[in-house]
Amino acid sequence: MMVSTRGRYALRLMVDIAKQGEAGVLVTMRQAAERQGLSVKYLEQLGGALVRGGVLKSIRGVSGGYYLARPAEEIRIGDVLRATEGSCMPVSCLDDESKCNRIADCEAREFWRGMGNAINDYMDSKTLADVLAEGGVR
């Protein structure tokens, strides 16, 4: 599995918001973009996906911003990546059998399923708090 810039930047954004949120501060995308050296427009797109994914909440308006939907200890990295990357399975047929006409004859399908489960299990074993404790994201 290759994590795209969407997933990498989403995790950077979540770490940024978690750091600021420790002080109870709402974070605007402009502030996060300045700290992270990223585009405000791109972070706004990611913010929308993360809100839909249930890991961020937002308050609209002049005094608005973003904050974590749950404590950092309860936000799994898998939730962040699935909100921005979609499925994290290594082959598309595991999510949609119609994408492969060899489902019944595929000797490697269980290997791919096991690999996907290992990836998902690892992502779900780590929380945003773990990432913060391990030194952040580059």
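Residues numbered from 1 in each chain as written. Predicted model: local features only at pLDDT ≥ 70, side-chain atom pairs only at ≥ 80, totals over all residues. Heavy atoms only, no water.

Visitor: What am I meant to see in the overall build of the chain here?
Guide: A count of helices and strands for the chain gives 6 helices and 2 strands. Going from N to C terminus, the chain has its helices and strands arranged as α-α-α-β-β-α-α-α. The principal-axis extents of the C-alpha atoms in the chain amount to approximately 55 × 30 × 25 Å. Out of the 138 residues belonging to the chain, those deemed buried represent 35%. Sequence-distant contacts in the chain: of pairs separated by 6 or more residues, those separated by 24 or more amount to 63%. Accessible area of the chain: about 8,100 Å², with a carbon and sulfur share of 49%. Looking at the chain, you have 19 positive and 18 negative side-chain charges, and the mean spots of the two groups are 7 Å apart. (Helix = DSSP H or I, 4+ residues; strand = E, 2+ residues; numbered from the N terminus. Buried < 20%, exposed > 50% of the residue type's maximum accessible area, 1.4 Å probe, protein only. Contact = heavy atoms within 4.5 Å. Areas by Shrake-Rupley, 256 points an atom, 1.4 Å probe, with all protein chains shown as cover. Lys, Arg positive; Asp, Glu negative; His and termini not counted. Charge placed at Lys NZ, Arg CZ, Asp CG, Glu CD.)

Visitor: What is the right way to read the pairing of strand 2 (residues 65–68) from this model?
Guide: Strand direction decides the pairing type here: strand 1 (residues 56–59) and strand 2, joined by 4 bridges, are antiparallel. Within strand 2, the residue paired with I59 across the bridge is G65. Here strand 1 hands over to strand 2 after 5 residues, with G61 in that stretch at a positive phi of 105°. (Pairing = 2+ DSSP bridges.)

Visitor: Whenever I open this one, the pattern of salt bridges confuses me. Can you help?
Guide: Side chains that differ in sign of charge can pair as their charged atoms come close. Considering all chains together, one arrives at 8 salt bridges under this definition. A salt bridge links D79 to R76, with the shortest nitrogen-to-oxygen separation between them at 2.9 Å. Overall, R76 belongs to the partly exposed group, its relative accessible area being 34%. Taken together, the shared-partner salt bridges in this structure form one network comprising R70, R76, D79, R82 and D124. (Salt bridge = Lys/Arg side-chain N within 4 Å of Asp/Glu carboxyl O.)

Visitor: In this structure, what is going on with the nonpolar core? I would like to understand it.
Guide: In globular proteins that are soluble, nonpolar side chains generally tend to be buried together. Membership of the largest hydrophobic core comes to 31 residues, with the highest contact counts inside it found for L13, M14, L43, L50, L68 and L128. Residue assignment for this core shows that the elements contributing at least two residues are helix 1 (5–21), helix 2 (29–36), helix 3 (40–52), strand 2, helix 4 (77–85), helix 5 (109–125) and helix 6 (128–133). Looking at this core, the element that brings in the most residues is helix 1, giving 8 residues. Excluding anything up to four places from it in sequence, L68 contacts M14, I17, A18, V55, L56, I75 and L128. (Core = buried A, V, L, I, M, F, W, Y, C linked by side-chain atoms within 4.5 Å.)

Visitor: What's the story with helix 4 in this structure? I'm lost.
Guide: Each full turn of the α-helix corresponds to 3.6 residues, which orients residues three or four apart in the same direction. Listed in full, the buried residues belonging to helix 4 are I77, G78, D79, V80, L81 and T84. Those residues of helix 4 that are buried lie in contact with helix 1, helix 3, helix 5 and helix 6. G86 sits one or two positions beyond helix 4 and adopts a positive phi of about 85°.

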